[in-house]
Amino acid sequence: MKRIKLISSALALMLAGSVGGIMAWNLVTATGRAQDADDVFGEGFDDFGGFGGQENEPEEPCQVWCEVMFIQIDTADLDEIMARDGALITSTGEKAILTAQEKSELLRLLKQRQSFEFIGTASVISVSGQQALVQMVEEIRYPTEYDAVPLEETVPQDEDVVLYGYGGPPGMFDEREAGTRLNVTPTVSSKEDLITLVILPEASRLVGWRNVGGMGEDQPTFLAWNVVTTIYLRDATTCVMTGALTNPFGESAAMNPGKPPDKMGKKSAITLVSARILGLPANRAEEDAE
Amino acid sequence: MKRAESIFIALGLLLLTSFGGVLISSLIVAGTSAQDDSETEEFGEGGFPDEFGGGFEGESGRFGDGFGTFTLGPSEPQQVWCEAIYTQIDTAELDDIRIGGEPFVTPVSERTLLTPVEKLELLHELKLRSSFEIIGAASVVSIDGQCQLVQMVEEIRYPYTHDGALVSNGASGRPHYLADDFECRDTGIRLNWTTNCEPGHDVIGMLVLFEASRLAGWLDMGSGIADQPLMLSWNEMTDLYIRDGMTLVMTGIPLTGFGRSLALDTDQIPESMGSKTAVILISARILALSDAGHKAEEGIEE
């Protein structure tokens, strides 16, 4: 509900301030290419070979399902889960890689807690060696420069000073995408069931607009949770990465400047990255026929 | 700027030596104003040095440039789990903590190397103390030798330059200078890490940049200038070795606890000065791929 309010208020502000915001769901994978992928996703896409090359494709063509989950939970709840015998999540790294069953069990345990919250999840399927991107975002435009135009009035006691005001729209805009985004390049080794993932997931959220110039120069404040890493995963396993948040994800220090800091680290963050090698659809069809 | 330059040079040297020598440099900063542009250059938006992959900049191409060259690691695939934790606790309470029956704080120094069991014991003991706070923590898994980043931040935009023109109409009703350019500063938890493992050895070389930062408030600059943000940040930049599974502990006594601002809370500072101790834990573990494979097979069998 809070999120809906935030989005509604943000959209209202955008319209009122001539700032454009567009909700977008984009999915680009090697199995369904977008012609203007570079335009939409920026230069970073080229760096991984983009959609052009087939150099990394293994002899036996295959594709990979990849999923990322951003989770927030009370640190006290997580500590209780960690304190159990045979805990599926530890602070010493022993359980950094989970099997599919262990992942299901961990999610079940986490979901039992009231403080459990999905910040964002996304999954995508891509041919091995090809980059894929899925994003469910709000494209938020905001002004970066303002132009001043002279007003008719002057300061009576000092005629040299001319007062200015906003006579038109802001001079320049920039754009920031807020939402859930998963950018991944999976590469399957032809020898083993080993998947190499170059992965850049992000969960971000607009928390509000703040007048920073004193004259109506509203600027957006975003919360962002990013991971950029390259990992090995065996087929059907999950990588677990944890952390502790200074402020809960959703709480903004910029929007509540007078608010004294609560006790920090009350919320913990969990990122789950999973991958699975998918059999070719043709094989499945044959199996069905049999 | 000088500080930023020296840090860049230091990082370059660190990489050139490629973990060839033991060179530890750590930096803890508390109560740093956002107006110190060297902070922004160190860890701000797009501020990671090139040596760490650089180029996390731009809105559309965020994180694009620095991860372009993907190369497989050593012939024996190896990946590492790393974790960094920033905590603070009342100095008086830290003195009471014992690990394995021995005092954590000794007359000479604190314990600096912990086994996994000792780490859990320390964390358990710390959490029993009411003044204990986890300022931030992050863990990440990455292939050895690859640059990695995890961050949970708030992007705070603030006016950076002002036009010479006074504007009259505004929310405050007072004449203000027009803010015509804005900067963005990421505050929160940020961990940038690169490891270097020798196959067959259990020693992990690490290059770590870890930051916990927070917006403390907005400073009234007066004279029609827009308010400026006041950031608190603890940064650690270090190059170190650690044995597989072990945890390094570093401590320090900041002028004030994290969350307190010298600029915004001047009356309270003399009372609280030096009362908090920062405890930083850095852990690393080599993840055996064979284990993951067996586990996957077991999972399927089950």
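Residue numbers restart at each chain and count upward from 1, following the sequence in its written direction. Whichever chain is written first becomes A and whichever ligand is written first becomes 1, with later ones labelled in order. Where totals are concerned, whole chains, interfaces and linings use all residues; where local detail is concerned, this predicted model gives features only for residues with pLDDT of at least 70, and gives and counts side-chain atom pairs only at 80 or more.

## Structural notes on the overall build of chain A
Our working rule: For the purposes of this entry, the term helix denotes a DSSP run of H or I that reaches at least four residues, the term strand denotes a run of E that reaches at least two, and both are numbered from the N terminus. Exposure classification rests on a simple neighbour count of other C-beta atoms within 10 Å of a residue's own: a residue reaching 20 or more is buried, one at 12 or fewer is exposed, and one in between is partly exposed. C-beta atoms are placed from the backbone. For the purpose of contact definition, each residue receives a C-beta atom placed from its backbone, and two residues are in contact when these atoms lie within 7 Å.
Looking only at helices and strands, chain A features five helices and 12 strands. Per-residue burial over chain A gives 45% buried out of 290 residues. Considering only contacts within chain A whose residues lie at least 6 apart along the sequence, 74% involve residues at least 24 apart.

## Quick word on the pairing of strand E1 (residues 79-90) of chain B
Residues and elements named next belong to chain B. Keep this limit in mind: Any two strands between which DSSP finds at least two bridges are classified as paired.
Counting buried residues along E1, 11 of its 12 residues qualify, which places the element largely inside the surrounding structure. Bridging between E1 and strand E5 (residues 133-143) involves 10 bridges; their strand directions are antiparallel. The residue bridging Cys 82 from the neighbouring strand is Val 140, located in E5. Where E1 lies against strand E11 (residues 276-287), 12 bridges are found, and the strand directions are antiparallel. Counted as the bridge partner of Gln 88 is Ala 278 from E11.

## Regarding unusual backbone geometry
Residues other than glycine seldom take positive phi values, yet A:Ala236 does so here, at roughly 65°. Relative to the elements of secondary structure, A:Ala236 occurs in the loop between strand E10 (218-234) and strand E11 (237-245).

## Looking at the environment of B:Ile189
Residue position: B:Ile189 is located in strand E7 (residues 176-197). Given 27 C-beta atoms within 10 Å, B:Ile189 falls into the buried group. Sequence-distant contacts of B:Ile189, that is, excluding residues within four places in its chain, are made with A:Gly243, A:Leu245, A:Thr246, B:Gly136, B:Ala138, B:Gln151, B:Met152 and B:Ala212.

## Things to note about the pairing of strand E2 (residues 63-74) of chain A
All names here are of chain A. The buried fraction of E2 amounts to nine of the 12 residues, a majority that puts the element mostly inside the structure. As paired strands, E2 and strand E4 (residues 117-127) are joined by 10 bridges and run antiparallel to one another. Directly across from Gln 72, in E4, lies its bridge partner Glu 117. Direction of pairing for E2 relative to strand E12 (residues 267-278): antiparallel, over a ladder of 12 bridges. Bridge pairing in E12 places Ile 73 opposite Ser 268.

## A word on the environment of A:Trp209
All names here are of chain A. Its place among the elements puts Trp 209 in strand E9 (residues 194-211). Overall, the presence of 20 C-beta atoms within 10 Å leaves Trp 209 in the buried class. Separated by 13 residues in sequence, Trp 209 and Phe 222 place their C-alpha atoms 9.2 Å apart.

## Brief notes about helix H4 (residues 116-128) of chain B
Residue and element names in this part refer to chain B. Under the convention used in this document: The span you would expect from a helix comes to 1.5 Å times its residue count less one. This arc is built from the directions going out from the helix axis to the C-beta atoms.
With 13 residues, H4 should reach 18 Å at 1.5 Å per residue; the first-to-last C-alpha distance of 19 Å fits that figure. Listing the buried residues of H4 in full gives Lys 119, Leu 122, Leu 123 and Leu 126. Burial along H4 is one-sided: seen end-on, the buried residues are contained in an arc of 95°. Set apart from the buried face of H4 by more than 90 degrees, the exposed residues are Val 117 and Leu 128. Packed against the buried residues of H4 are E1, strand E2 (98-99), strand E4 (113-114), strand E10 (247-252) and E11.

## Focus on the nonpolar core
A general tendency of soluble globular proteins is for nonpolar side chains to be buried together. Which entries qualify depends on this criterion: The term nonpolar core means buried Ala, Val, Leu, Ile, Met, Phe, Trp, Tyr and Cys residues held together as one set by C-beta atoms within 7 Å.
Core analysis: the largest hydrophobic core is formed by 123 residues, its most contacted members being A:Leu197, A:Ile231, A:Cys239 and B:Val140. With 10 residues, the top contributor of residues to this core is strand E8 (residues 203-219) of chain B. Sequence-distant contacts of A:Cys239, defined by excluding residues within four places in its chain, comprise A:Ala96, A:Ile97, A:Ile231, A:Leu233, A:Val273 and B:Val141.

## Topic: the confidence of the model for chain A
Residue and element names in this part refer to chain A. As a reminder of what qualifies: Here pLDDT means the predictor's own confidence in every residue, given as a number from 0 to 100.
For chain A, the average pLDDT comes to 74, and 62% of its residues sit at 70 or higher. Mean pLDDT per element in chain A: helix H1 (residues 2-16) is the minimum at 41, and E2 is the maximum at 94. Across residues 1-20 the pLDDT falls below 50, and counting only partners more than four positions away or on other chains, this stretch makes 17 contacts in the model. Below a pLDDT of 50 lies the segment residues 31-58, which in the model reaches 46 contacts outside its immediate sequence neighbourhood of four places, other chains included.

## Quick look at the environment of B:Ser275
Residue and element names in this part refer to chain B. Here Ser 275 lies in the loop between helix H5 (269-272) and E11. Of the residues examined, Ser 275 has 15 C-beta atoms within 10 Å and is grouped as partly exposed. Taking the C-alpha atoms as reference points, Ser 275 and Ile 89, separated by 186 residues in sequence, lie 8.5 Å from one another. Residues in contact with Ser 275, not counting those within four places in the same chain, are Asp 90 and Thr 91.

## Examining the confidence of the model for chain B
Caution is warranted with low-pLDDT regions, since their predicted coordinates should not be read in detail. All names here are of chain B. Looking at chain B, the pLDDT average stands at 69 and 57% of residues meet or exceed 70. Contacts of residues 1-74 to residues separated by more than four positions or lying in other chains number 142 contacts, the stretch itself having pLDDT below 50. Here residues 293-302 is modelled with pLDDT under 50, and outside its nearest four sequence neighbours on either side it reaches 15 contacts, counting other chains as well. What the predictor reports for the complex is a pTM of 0.73 with an ipTM of 0.71.

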